[in-house]
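Given next are the chains, with one letter for each unit.
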Amino acid sequence: MTDLKKDSPGVIVFPPLLFGGTLVVGLVLQWLWPIHLFPSIPRWIGGAFAAASAVLAIWGATTMRRAGTNINPHAPTLAIVQGGPFRFSRNPLYLSLALFYVGVSLMLNAAWPMILLVPVLVVAQRGIIYREERYLDAKFGDEYRRYRQRVRRWI
């Protein structure tokens, strides 16, 4: 095993692929068997979620770059990032993926993607976030534990 594989959390899937792939599956199901969330919903509500998602993703990625650590969860974490959106959420980039997912679903008034969001969040929690937390705890010890006590996992 290479050092790179040893120094990573071993997440089971690339997070944008998990959220994006499931969103596509949900939209295909929606096209085949339409189920709507609401009788009608203004598209701007979903657009607001998507816009908030973009702002959060850019803020989080910029904060990670400035801290000198990797954004890709398959690469080693070089620092515990505690500034920017990481002051409020330990997982702002995953939160941004979820907000985008919900935003697209609302813009299209599509129930299928929302139904599939539950398993996506379970997979994200168990196959990505828990693995990252174990990795960060082992790598950074008390520094990460103090951060984890101060900041919530999602929001």
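Just so we're clear, the structure is a prediction, and the values are computed from it rather than from any experiment. (Residues numbered from 1 in each chain as written. Predicted model: local features only at pLDDT ≥ 70, side-chain atom pairs only at ≥ 80, totals over all residues. Heavy atoms only, no water.)

A.B. asks: How would you sum up the pattern of salt bridges? Please name residues and give values.
C.D. replies: Scanning all chains against the criterion turns up six salt bridges. A salt bridge links glutamate 133 to arginine 153; its shortest N-O distance comes to 2.8 Å. Placement of glutamate 133 in helix 5 (residues 111–140) and of arginine 153 in the segment after helix 6 (142–150) is noted, with a sequence separation of 20 residues between them. On the basis of relative accessibility, which here comes to 12%, the residue glutamate 133 falls in the buried class. Exposure remark for arginine 153: the relative accessible area of 25% places this residue in the partly exposed category. Its salt-bridge partner being arginine 145, residue aspartate 137 comes within 2.7 Å of it at the nearest N-O pair. Beyond isolated ion pairs, a larger network of salt bridges with shared partners links Asp137, Asp142, Arg145 and Arg148. (Salt bridge = Lys/Arg side-chain N within 4 Å of Asp/Glu carboxyl O. Helix = DSSP H or I, 4+ residues; strand = E, 2+ residues; numbered from the N terminus. Buried < 20%, exposed > 50% of the residue type's maximum accessible area, 1.4 Å probe, protein only.)

A.B. asks: Residues and numbers for a nonpolar patch on the surface, please.
C.D. replies: Taken together, the side chains of Val24, Val28, Trp31, Leu32 and Trp33 present a nonpolar region at the surface, about 590 Å² in accessible area. Classification of leucine 32 as partly exposed rests on a relative accessible area of 43%. (Patch = residues over 30% accessible without salt bridge, like charges linked within 9 Å, V, L, I, M, F, W, Y side chains within 5 Å. Areas by Shrake-Rupley, 256 points an atom, 1.4 Å probe, with all protein chains shown as cover.)

A.B. asks: So what about the packing of aromatic side chains? Which residues, and what values?
C.D. replies: Applying the stated criterion across every chain, the model contains three aromatic pairs. Taken together, a centroid distance of 6.4 Å and an interplanar angle of 50° make the contact between tryptophan 59 and phenylalanine 88 tilted. Taken together, the residues span a long stretch of sequence, with tryptophan 59 in helix 3 (residues 43–67) and phenylalanine 88 in the loop between helix 3 and helix 4 (92–107) at a distance of 29 residues. Relative to tyrosine 147, the ring of tyrosine 144 lies with its centre 6.4 Å away and its plane at 50°, an arrangement referred to as tilted. You can see tyrosine 144 and its partner tyrosine 147 sitting in helix 6, three residues apart, about one turn around the helix. Each member of the pair, tyrosine 144 together with tyrosine 147, is buried. (Phe/Tyr/Trp six-rings, centres within 6.5 Å; stacked < 30°, edge-to-face > 60°.)

A.B. asks: Can you break down the nonpolar core residue by residue, with the values?
C.D. replies: In terms of nonpolar packing, the biggest core is built from 17 residues, with Leu18, Phe19, Tyr101, Ala124 and Ile128 touching the most fellow members. Apart from residues lying up to four places away in sequence, tyrosine 101 is in contact with Phe19, Thr22, Leu23, Pro113, Met114, Leu116 and Leu117. (Core = buried A, V, L, I, M, F, W, Y, C linked by side-chain atoms within 4.5 Å. Contact = heavy atoms within 4.5 Å.)

A.B. asks: Could you give me a rundown of the side chain of serine 89, with the residues and numbers involved?
C.D. replies: Here serine 89 is to be found in the loop between helix 3 and helix 4. Within the local environment of serine 89, its side chain forms a polar contact with the backbone nitrogen of asparagine 91, the two atoms lying 3.1 Å apart. Setting aside residues no more than four positions away along its own chain, serine 89 makes contact with Leu95, Tyr147, Val151, Arg152, Arg153 and Trp154. (Polar contact = N/O pair within 3.5 Å; in protein donor to acceptor, adjacent residues only side chain to side chain.)

A.B. asks: Residues and numbers for the environment of glycine 47, please.
C.D. replies: Its place among the elements puts glycine 47 in helix 3. Spatially, the C-alpha atoms of glycine 47 and methionine 114 are 16 Å apart, while their sequence positions differ by 67 residues.

A.B. asks: Tell me about helix 5, residues and numbers included.
C.D. replies: Spanning 30 residues, helix 5 covers 41 Å between terminal C-alpha atoms, matching the ideal 44 Å at 1.5 Å per step. Largest kink in helix 5: about 35°, centred on glutamine 125. Within two residues after helix 5, glycine 141 carries a phi angle of roughly 55°, on the positive side. (Expected span 1.5 Å × (residues − 1). Bend = angle between axes of the 7 residues up to and from the residue.)

A.B. asks: Now, about the packing of helix 5 against helix 6: what can you tell me, with residues and values included?
C.D. replies: A pair of packed helices can be characterised by two numbers: the angle between their axes and the separation between those axes. Taken N-terminus to C-terminus, the directions of helix 5 and helix 6 make an angle of 130°; their axes are 6 Å apart at the nearest point. The angle between the axes of helix 5 and helix 6 places the two elements in the oblique class. Facing helix 5, whose interface residues are Glu133, Leu136, Asp137 and Phe140, helix 6 presents Asp142, Glu143, Tyr144, Arg145 and Arg148. Of the residues in the contact of helix 5 with helix 6, the class split is three nonpolar, no polar and six charged. (Axes fitted to C-alpha atoms, helices over the stretch in contact; angles between N-to-C directions. Parallel < 35°, antiparallel > 145°, perpendicular 65-115°, else oblique. Nonpolar A, V, L, I, M, F, W, Y, C, P; charged D, E, K, R; others polar.)

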